[in-house]
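# Reading the structure
Chain by chain, the residues run as shown.
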Amino acid sequence: MNGGALHIHHAGIGELQTAASTILAPLAVTAPGADAFRADIDAATVGRAAVARIRGSGHLVARTSRAITSSDPELLKVTLHRSQSPAAVDQGGHQSRAHGGDLVVFDMTRPYRLAVADGCDVMAVGISRTELGRHADIVARHAARRLPAETGAQAVLSAFLQGLGSHLDELTGPAQAHVGDALVSLLLAAFTDGTPGRMDTETDLVDRIRVYALANIADPSLCVDSVAAAHGISPRQLHRLFRRGDVSFAAWLRRERLERVRRDLLDPAHDGRTTAAVAARWGIHDPRHLARALRTHYGQTARDLRQGRVTRPD
């Protein structure tokens, strides 16, 4: 889904199918008595996640084998069911009934069915597996299993999503990015909390390395060698650990630094700082490198970002 918000009121079944497929990936949406079907759809990009709230008549959502292609983004969809009418869920041989207040995960790379009863009120979050890192498989294990959001991190995520659904229009610029970060953190907390055997020793180490790197991200000397030494491993071991994921350590660190520079450039609170000062705050001291990286990753210069306050396209 591209940046910006989407609002459709009294949508017909065809409009819901088009909107849902645009927000996430191609979906088939049907309803009994389709002529009488009506729904209100509110959606927006929040950070690097797509968030939507759908209220309306009962309907069936299906991700079919025919609709899945190799070019589709590898997304996980998390839903919060707010109405008291149950929803029937089916994916990968797992079936359950989600009730009001339940969270449910769907793996968009595999077929699934979701039948929402009349009077539905559903919050849906679509997020790339890469945003969840090594935790993506842990979250995906919950596919089609209802997760009550009554206590702990699940209850916090539920309250967050309900508030988010009421204020999608009000999130712009840096606020949107920060809220997106919070959403990812809460998703991880909710779906990895108390999961038996959820992390092996190497995953623990990768997480510690990420935390260490982010805590020292302003240090321009932070690199593979220094991080490996700080954790008592060789640079070769560090490369191997990150090779299990989708991105190398150096590429991950570069992306994290650039994203923080971009947020500061978009934030009017930093207008008193030079671009060089903003970049140095995040460990980038080479202006030529910064200029090339901004153009490569965002298609914009520092001046473009500051003058246009343009959000990053998805």
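Quick look at the structure, then. Fair warning: this is a prediction, and the values are worked out from it, not measured in the lab.

Below, the discussion takes up the pairing of strand β5 (residues 59-63). Summarising burial for β5: 4 of the 5 residues are buried, a large majority. Note: strand β2 (residues 28-30) against β5, 3 bridges, orientation antiparallel. Residue pairing across strands places V29 opposite V61, the latter belonging to β5. Sheet topology places β5 next to strand β10 (residues 112-116); 5 bridges connect them, and they run antiparallel. Counterpart to R63 in the pairing with β10 is Y112.

As a further point, take the pattern of salt bridges. A full pass over the atoms with the stated rule returns 16 salt bridges. A salt bridge links D181 to R263, with the nearest nitrogen and oxygen atoms 2.5 Å apart. Taken as a pair, D181 in helix α5 (residues 173-192) and R263 in helix α9 (residues 249-266) lie far apart in primary sequence, 82 residues in all. On the basis of relative accessible area, D181 is assigned to the partly exposed category, the value being 31%. For R263, a relative accessible area of 9% gives the class buried. Each member of the salt-bridge network shares a partner with another, and the members are R48, E131, D181, E259, R262 and R263.

A separate point is the sheet that holds strand β8 (residues 94-98). Within a sheet, each strand pairs with its neighbour through backbone hydrogen bonds, oriented either parallel or antiparallel. A sheet is described by the order of its strands in space; here 5 strands give the open sequence β2-β5-β10-β7-β8, paired in antiparallel fashion. Of all the strands in the sheet, just β2 and β8 have a single pairing partner and so form its edges. On average, adjacent strands in this sheet sit at an angle of 10° to one another, irrespective of strand direction. In the packing of helix α1 (residues 13-23) onto the sheet, the strands contacted are β2 and β5, and the crossing angle to β2 comes to about 155°.

Conventions we followed
Residues numbered from 1 in each chain as written. Predicted model: local features only at pLDDT ≥ 70, side-chain atom pairs only at ≥ 80, totals over all residues. Heavy atoms only, no water. Buried < 20%, exposed > 50% of the residue type's maximum accessible area, 1.4 Å probe, protein only. Helix = DSSP H or I, 4+ residues; strand = E, 2+ residues; numbered from the N terminus. Pairing = 2+ DSSP bridges. Salt bridge = Lys/Arg side-chain N within 4 Å of Asp/Glu carboxyl O. Axes fitted to C-alpha atoms, helices over the stretch in contact; angles between N-to-C directions. Contact = heavy atoms within 4.5 Å.

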